[in-house]
Amino acid sequence: VMGSLPIERFQEIEGAWVDGRITRITNYGAFVDIGCEVDGFLHVTQLPLLKGRRDRMRLEDLIVDRMFEVKIVEVNMGLRRVKLTARGEDDVDEERVRFAPPASPKDVFSRGPRPEE
């Protein structure tokens, strides 16, 4: 165990990249020891793109005890959960962007293909 600092300390560094050690792999993601009293969770959709390729790393590529760089996305004090990602800043979900709600309700018709006349 790298350490077990209280979860409160991790709330202060939300958004930071940290080194973690993979402790457990499930069929929907992996738990990573980042030195917090609770392991952070890395969802399968948050695995990084493989270098120079368009495809994403798979859970099968992860190895328990291997060090892994992750970003602290969210620290939920109520549920005592730490949400992690390993996706780079430029690794954006095209679908998520395309179907994201408009910033302003006035822009509600500006998204998606133009209707045919």
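Procedures and definitions
Counting starts from 1 at the beginning of each chain's written sequence and moves along it residue by residue. Local features are withheld for residues below a pLDDT of 70 in this predicted model, meaning they are given only at 70 or higher, and side-chain atom pairs are given and counted only at 80 or more; totals for whole chains, interfaces and linings count all residues. Here the side-chain values reflect all heavy atoms present in the structure, with hydrogen atoms and water set aside. Definition used for salt bridges: Asp or Glu carboxyl oxygen within 4 Å of a side-chain nitrogen of Lys or Arg. In this scheme, a residue with accessible area under 20% of its type's maximum is buried, one over 50% is exposed, and one in between is partly exposed, where area comes from a 1.4 Å probe on protein chains only. In this description, strands pair whenever DSSP reports at least two bridges between them. The way it works is that DSSP assigns letters per residue, a run of H or I at least four long becomes a helix, a run of E at least two long becomes a strand, and they are numbered from the N terminus. Each axis is a line fitted through C-alpha atoms, taken for helices only over the stretch in contact, and angles between the N-to-C directions span 0 to 180 degrees. Centres within 6.5 Å are what make two rings of Phe, Tyr or Trp a pair, Trp counting through its six-membered ring; a difference in plane orientation under 30 degrees is then read as stacked, over 60 as edge-to-face, and the rest as tilted.

Turning our eyes to something else, we now look at the pattern of salt bridges. Overall, the coordinates contain 5 salt bridges when judged by the stated rule. Two residues, Glu-74 and Lys-83, come together in a salt bridge whose shortest N-O distance is 3.3 Å. A relative accessible area of 35% means that Glu-74 is categorised as partly exposed. Judged by relative accessible area, Lys-83 falls into the partly exposed class, the value being 45%.

Take the sheet that holds strand S1 (residues 17–26) next. The strand order S1-S2-S3-S5-S4 describes a closed barrel built from 5 strands, whose pairing is mixed. The sheet shows a mean angle of 50 degrees between the axes of neighbouring strands, direction not considered. Across 4 bridges, the pairing between strand S2 (residues 29–33) and strand S3 (residues 40–43) is antiparallel. Within S3, the position partnered with Ala-30 by the bridge is Leu-42.

This paragraph deals with unusual backbone geometry. Outside of glycine, negative phi angles account for most residues, and trans bonds account for most peptide bonds. In the Ramachandran plot, Asp-65 falls in the positive-phi region, its phi being about 80 degrees despite a non-glycine side chain. Structurally, Asp-65 is set in the loop between S3 and strand S4 (67–76). Of note, Arg-80 is a non-glycine position whose phi angle comes to about 55 degrees, a positive value. Classification of Arg-80 by relative accessible area gives partly exposed; the value is 36%.

Time to look at the packing of aromatic side chains. In this structure the tally under the stated criterion is 2 aromatic pairs. Aromatic pair Tyr-28 and Phe-41: ring centres 5.6 Å apart, planes at 50 degrees, arrangement tilted. Linking Tyr-28 in the loop between S1 and S2 with Phe-41 in strand S3, this pair joins segments that are 13 residues apart in sequence. The interplanar angle of 50 degrees and the centroid separation of 4.9 Å between the aromatic rings of Phe-31 and Phe-41 together place this pair among those described as tilted. Highlighted residues: Phe-31 in strand S2 and Phe-41 in strand S3, separated in sequence by 10 residues. Grouping residues by exposure puts Phe-31 and Phe-41 together as buried. Members of the aromatic cluster, connected to one another through ring pairs, are Tyr-28, Phe-31 and Phe-41.

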